[in-house]
Amino acid sequence: MEEKKSEINGHAGHKNPLPAVSLKSEKNSFKDRFMVFFKRNLLVIFTVSGVLVGVGLGMMVRNMNLTRAQMTYFAFPGEMLLRMLKMIILPLVVCSLISGAASLDTRSLGKLGGIAVSYFLVTTLIASSIGVALAFIIKPGVGAGALNTNNLGLEGVSSNKETADSFLDLARNLFPSNLVAAAFRSYVTDYKTILVGNVTNETLNYQKVPYGTDADGMNILGLVLFAMVFGVALRKLGAEGEELIRFFNAFNEATMVLVSWIMWYVPFGIMFLVGSKIVEMEDVVLLVTSLGKYIFASILGHIIHGGIILPLIYFMFTRANPFSFLSGLITPFTTAFATCSSSATLPTMMKCVEENNGVDKRISRFILPIGATVNMDGAAIFQCVAAVFIAQLNNVELNAGQIFTILVTATASSVGAAGIPAGGIITIAIILEAIGLPTHDLSLMLAVDWIVDRTTTVVNVEGDALGAGILHHINEQEMKKQRKQEQHQEEQELEEVKVEVVANVKAEEETSPLVTHQFQGDSSSRETLDDKDGVESVL
């Protein structure tokens, strides 16, 4: 019997070969897992390698003392990447927002939009506060009074724009007068000086009068607002608007296919973007020694906000690990680091958020284009640090009112900051005008902007991605609640139907003539039986 058992179980006679089999299976499984991981993260590995190779290539070429023309040729592959990414921005933003707004019903669109705007405002205000606090703790401008534009051989940057006009331009750009022109131009206020007064009375004086001009650059703010409203309008049309919604959905999907093709060029383009920047650097040692504290304060602010504050906010809402969410976004972060443009990172960010992190397409295509335009946490940090730095440089003591003005102006003006390289420098000019500081030191910021702008853009796009994750979680929770309510209502309706059926059966039993006839027959038979029993008992 024991032999039979061992034969049936098949364990007794095969004690030795098993470990070898398990070792082989473990080796195979490890190899398979490694290959799966490698294939899945191939683009990420290539992109990160592109940055590292670019740094090494830049260091090598730097020693060759290239001319300006040769530098331009060397930077050509990187320039092609930027051109490709910028080419795809317009169709991606417009189509994704129209399809996203049209796919959500008006109630959920309003709710998600409200949560998104609140999230963007709160995170930007926190970022501004971190920037101001770090600038007062580290004091980057104290003791740097001798530092000026001439010492570093930099060109001056002048800005005479009024703060009020900057915010009015923001409102004007929200409603572009020409949608086609908005694709490549935006409204900017300029000034002209005119002579006002009476010659006879000798009351002549000069007045600065604002007038509108067009500046090169996409008016992405106006396009975003139009696309959202147009999407809602298509939704309102109902059946008539479905064909156009399908058209924009198909257009959007086709654009995402183009993005997936462009992404394979990203590692090669990034290599030359980073390399060309290193070659173009003038005197890095002088810049870092003179503006080292400012660079350190800005990058430390980005690390605190991007590494602690934003993941903490994500965890508070979702109770999920924020770093596992961010690990799926290495490619867009690397693209942001290399391109210094939130708008140029938008195509890769959309693709990775949807494919790697499973965010609903309706959410990502609605929130990410808005975030790339409106949400500028990283920019708010370095703008506040720069404003306090320039104040300390000019030995100006900032009072509580001025600090509050910096916070509010940085938060508000970061909304209109263009998602392009060095877009935040213009915004610093607005902050300086608001607190009454000179703008001639802005060139110092511009000198090191290529360093600070990289971490700035990474934090900007990280805030957008985590915002999309939070909205996706909230949307899923709402959908679960709705499903539970629907199930509960269905159960209640079923119970009501059962009660009605039982009541009807009872009513039929009571009123049916057949049943009553049967009852009568039963009662008469019972009476006869009782009589018989009585007779028997008497007998």
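Above this text sits the structure in question.
Worth saying up front: this structure is predicted, and the values here are computed from it rather than measured.

Visitor: Lay out empty space enclosed by the protein in plain terms, naming residues and giving numbers.
Guide: Taken as a whole and assessed by the stated rule, the structure comprises four cavities of 30 Å³ or more. If you add up the space inside the second largest cavity, you get close to 50 Å³. In terms of lining, the second largest cavity is formed by Ser 342, Thr 345, Leu 346, Met 349, Leu 368, Ala 372, Val 461 and Asp 464. For the lining of the second largest cavity, the elements supplying multiple residues, two or more each, are helix H15 (342-357), helix H16 (361-374) and helix H20 (442-511). For the lining of the second largest cavity, the element with the most residues is H15, which contributes four residues.

Visitor: Can you break down the packing of helix H5 (residues 76-103) against helix H9 (residues 220-237) residue by residue, with the values?
Guide: Where H5 contacts H9, the axes come no closer than 7 Å and their chain directions differ by 35 degrees. As H5 runs across H9, the sense of the crossing is right-handed. For the pair H5 and H9, contact is made by Ile 89, Leu 90, Val 93, Val 94, Leu 97, Ile 98, Ala 101, Ala 102 and Ser 103 and by Ile 220, Leu 223, Val 224, Ala 227, Met 228, Phe 230, Gly 231, Val 232, Leu 234 and Arg 235, respectively. For the contact of H5 with H9, a count of residues per class yields 16 nonpolar, two polar and one charged.

Visitor: Could you give an account of the side chain of Asn 460, with specific residues and numbers?
Guide: Of note, Asn 460 is situated in helix H20. Judged by relative accessible area, which is 3%, Asn 460 ranks as buried. A polar side-chain atom of Asn 460 sits 3.4 Å from the main-chain amide nitrogen of Ala 379. Excluding residues within four positions of it along the chain, Asn 460 makes contact with Ser 342, Asn 375, Met 376, Asp 377, Gly 378 and Ala 379.

Visitor: Break down the packing of H5 against H16 for me, with residues and values.
Guide: At a closest axis distance of 8 Å, the pairing of H5 and H16 adopts a crossing angle of 130 degrees. When the axes of H5 and H16 are compared, the pair comes out oblique. As H5 packs across H16, the resulting crossing turns out to be left-handed. Here Val 93, Ser 96, Leu 97, Gly 100 and Ser 103 of H5 come into contact with H16, specifically with Arg 362, Arg 365, Phe 366, Pro 369 and Ile 370. Of the residues contributing to the contact of H5 with H16, the split by class is five nonpolar, three polar and two charged.

Visitor: Describe the environment of Leu 466, naming the residues involved and giving the relevant values.
Guide: Along the polypeptide, Leu 466 turns up in helix H20. For the pair Leu 466 and Leu 326, spaced 140 residues apart in the sequence, the C-alpha separation amounts to 8.1 Å. Beyond its immediate chain neighbours, meaning those up to four positions away, Leu 466 contacts Tyr 119, Leu 310, Pro 311, Tyr 314, Phe 325 and Leu 326.

Visitor: Quick one: what's the story with H15, residue by residue and with numbers?
Guide: With 16 residues, H15 should cover 22 Å at 1.5 Å per step; its first-to-last C-alpha distance of 19 Å lies more than 12% under that length. Along its length, H15 shows its largest kink, about 35 degrees, at Thr 348. Count one or two residues on from H15 and you reach Gly 358, which has phi positive near 65 degrees.

Basis of the calculations
Residues numbered from 1 in each chain as written. Predicted model: local features only at pLDDT ≥ 70, side-chain atom pairs only at ≥ 80, totals over all residues. Heavy atoms only, no water. 1 Å grid on protein atoms, 1.4 Å probe; cavity = no way out; pocket = protein on both sides within 12 Å on 5 of 7 lines; lining within 4 Å. Points joined across faces, edges and corners; volume = space filled by probe spheres on them. Helix = DSSP H or I, 4+ residues; strand = E, 2+ residues; numbered from the N terminus. Axes fitted to C-alpha atoms, helices over the stretch in contact; angles between N-to-C directions. Left-handed = near helix turned anticlockwise from the far one by under 90°. Contact = heavy atoms within 4.5 Å. Nonpolar A, V, L, I, M, F, W, Y, C, P; charged D, E, K, R; others polar. Buried < 20%, exposed > 50% of the residue type's maximum accessible area, 1.4 Å probe, protein only. Polar contact = N/O pair within 3.5 Å; in protein donor to acceptor, adjacent residues only side chain to side chain. Parallel < 35°, antiparallel > 145°, perpendicular 65-115°, else oblique. Expected span 1.5 Å × (residues − 1). Bend = angle between axes of the 7 residues up to and from the residue.

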